Amino acid sequence: MVNSVKTFLKQVGKDYQNQSVNPPVVRASTIIFKTLQDIKKTQSNYKKNPLSKNFDYGRKGTSTTFALQELLRKIENAYQVYLTPTGFGAVFLGVISVVRPGDEIIITDSVYSPTRFLTEDYLKKFNIKAVFYDPKNLDDLKKKITNKTKLIFVENPGSNTFEFQDLKKILSFAKNKNIYTAIDNTWGTPYLIKPLDLGFDMSIVSATKYYSGHSDVMGGSLAIKKRLFKEVELSQKAVGLRLSPDDAYLIMRGLRTLDIRLDKHQENTIKVANFLSKQKKVKEVFYPIKKNIKQYKMWKKYYSGSSGLMGVKIISKNKNSVIKFLNKLKLFAHGYSWGGFESLALYQDKLALGNRSYTKLSNNEHIIRLHIGLEDPNDLIADIKQAIKSIR
Ligand SMILES: Cc1ncc(COP(=O)(O)O)c(C=O)c1O
């Protein structure tokens, strides 16, 4: 990329042919051709260059989805990017492309809980075994590698407890063995870290979050290195996942301001995290603000900034008073997902944390997840201040 990503996101996709700044929404199931030879030509172009516009049927995309694919291919420095109807669809596509019966996958213990369900429960039916490692102890990961390990799946930072890991160390474990590496990079996006440049084979982002940025669309992207192209291309063909052109358009529109929104999410979240870290009932803030801790060093080593999702560990013998605190917040709605312009809060009970092995919580410890939006941070802090008094 010649220009910085900030310039690229504003300039990309201009359509002089249609005289529009943005590529138009092209909706199509049937893709039409003037002659039968034209269909054959498209198909033979694909055989010669598999990255060409391979549309002979709507499931393979239209010029709108192609424009988004191209944009993401560039910011991820990827060989190819696959667009999926949800972020979880991208997790599924990435995982099933590489594992086979008898294989083992090693996964971050604090992984997004549906990813845990996919690998630990669902894939068991296909004789694929999932093994979870402690994200705070990478020697644990190293010990779990066997000659059956096919994939190391990292989520960085982990969901809800936000552990930042030494990514190069993880990659060094996979090197020179027949082990693929994948990362769920939804928290950072390629604006803050480029996993494929570090050496990961796959980088997964839920476009539902910061790419779209407006809490009104779902999508996902799986960016891959060339060595996985054949496998993922085959799986994509077999499962038929497709992002609709309307959703692709909205995601591309969101991406225009990804940099500006993420910079502001970071600024606001640092303020809120600093405020929270001084509160009596707060035992720990899961956000990279404390320079003396290992987590901060790992974040600093790999990321150019931070986003708006954080965790807070609250100490209270009275769970109801923690729930009351959350219910008293006026500017934070309660709901799943994150990455939009607005603030959100959730109480993360055992179900939301998933069936973890390494997150130990005593009865008086509670984890809440906050997404800090683009509101005035002073208003958010004032809101938390009036509500946090409820905790006993
Ligand atoms: C870290 C992470 N990865 C993947 C996903 C799945 O994305 P989607 O909701 O678009 O399926 C989520 C959703 O919350 C997430 O938090």
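Residues numbered from 1 in each chain as written. Predicted model: local features only at pLDDT ≥ 70, side-chain atom pairs only at ≥ 80, totals over all residues.

### So, helix α14 (residues 319-328)
For the record, the criterion: Burial in this document is a count-based property: other C-beta atoms within 10 Å of a residue's C-beta are tallied, and the residue is buried at 20 or more, exposed at 12 or fewer, or partly exposed in between, with C-beta positions derived from the backbone. Secondary structure elements follow DSSP: runs of H or I no shorter than four residues count as helices, runs of E no shorter than two count as strands, and numbering proceeds from the N terminus. The reported arc concerns the directions from the helix axis to the C-beta atoms and nothing else. We call two residues in contact when their backbone-placed C-beta atoms lie within 7 Å.
Inspection of α14 places V322, F325 and L326 among the buried residues, and these make up the whole buried set. Looking straight down α14, one finds its buried side chains confined to an arc of 95 degrees; they lie on one side. In this fold, the buried residues of α14 make contact with β9 (309-315), β10 (344-348), β11 (365-371) and α16 (377-388).

### Looking at the site of the ligand
Definition in use: Here is the check we use: build the C-beta atom from the backbone, and if it is within 6 Å of the molecule or strand, call the residue near. In this count, Pro and Cys sit with the nonpolar residues alongside Ala, Val, Leu, Ile, Met, Phe, Trp and Tyr, while Asp, Glu, Lys and Arg are called charged and the others, Gly among them, polar.
T86, G87, F88, S206 and T208 are the nearest of the 13 residues found near the ligand. Among the residues forming the shell around the ligand, the class breakdown is 3 nonpolar, 8 polar and 2 charged.

### Remarks on the nonpolar core
The cut-off we apply is this: A set of buried Ala, Val, Leu, Ile, Met, Phe, Trp, Tyr and Cys residues, joined through C-beta atoms within 7 Å, is what we mean by a nonpolar core.
Counting residues in each nonpolar core, the largest one holds 71 residues, and the members touching the most others are L151, L222 and I251. Ignoring anything within four residues of it in the chain, the contact list for L151 reads V95, V98, V99, I105, I179, Y180 and A182. Counting residues in hydrophobic clusters, the runner-up holds 29 residues, among them F162, W187, L329 and A345.

### With respect to the domain arrangement of the protein
Many authors give the size of an interface as the accessible area that is lost as the parts come together. Definition in use: What counts as a domain boundary in this text is fixed by an automatic or database domain assignment.
Annotation of the protein at the domain level lists domain 1 (5-255) and domain 2 (258-388). For domain 1 and domain 2, the distance between their C-alpha centroids amounts to 27 Å. Across the contact, 32 residues belong to domain 1 and 35 residues belong to domain 2. Looking at the side of domain 1 that touches domain 2, the elements that each hand over two or more residues are α1 (5-11), α5 (113-121), α8 (189-192) and α11 (245-255). Within the side of domain 1 that touches domain 2, the residues separate by chemical class into 13 nonpolar, 12 polar and 7 charged.

### Re the sheet that holds strand β6 (residues 202-206)
The condition that has to hold: Pairing between strands is defined by DSSP: at least two bridges between them are needed. In this description, a line fitted to the C-alpha atoms serves as the axis of each element, helices being fitted only across the stretch in contact, and the angle between N-to-C directions of two axes falls anywhere from 0 to 180 degrees.
Taken in spatial order, the 7 strands make up an open sheet running β1-β7-β6-β5-β4-β2-β3, and their pairing is mixed. The sheet is open, and its two borders are formed by β1 (80-84) and β3 (129-133), each paired with just one other strand. Neighbour-to-neighbour, the strand axes of this sheet turn through a mean angle of 20 degrees, independent of strand direction. Direction of pairing for strand β4 (residues 149-155) relative to strand β5 (residues 180-184): parallel, over a ladder of 5 bridges. Looking at the pairing, V154 lines up with I183 of β5. On the sheet, helix α4 (residues 87-98) packs against β1, β4, β5, β6 and β7 (220-224) and is oriented at approximately 35 degrees with respect to β7.

### So, the pairing of β1
Within β1, 5 of the 5 residues are buried, which leaves it mostly tucked inside the rest of the structure. Here β1 shows two buried faces, one formed by Q80, Y82 and T84 and the other by V81 and L83. As paired elements, β1 and β7 share 5 bridges and run antiparallel to each other. In the sheet register, Q80 faces β7, and the bridge partner there is I224.

### A few points about the environment of I293
Looking at the secondary structure, you find I293 in the loop between β8 (282-286) and α13 (294-302). Residue classification places I293 among the partly exposed positions, given that 13 C-beta atoms sit within 10 Å. Considered as a pair, I293 and E375 are 82 residues apart in the sequence and their alpha carbons are 29 Å apart.

### As for the sheet that holds β11
The 4 strands lie next to each other as β8-β9-β11-β10, forming an open sheet whose pairing is antiparallel. Only two strands of the sheet have a single partner each, and these edge strands are β8 and β10. Strand-to-strand, the axes of this sheet are offset by a mean angle of 20 degrees, without reference to chain direction. Here β9 pairs with β11 via 7 bridges, running antiparallel. Of the residues in β11, the one forming a bridge with I314 is H366. Strand contacts of α14: β9, β10 and β11, with the helix running at about 165 degrees to β10, the strand carrying the most contacts.

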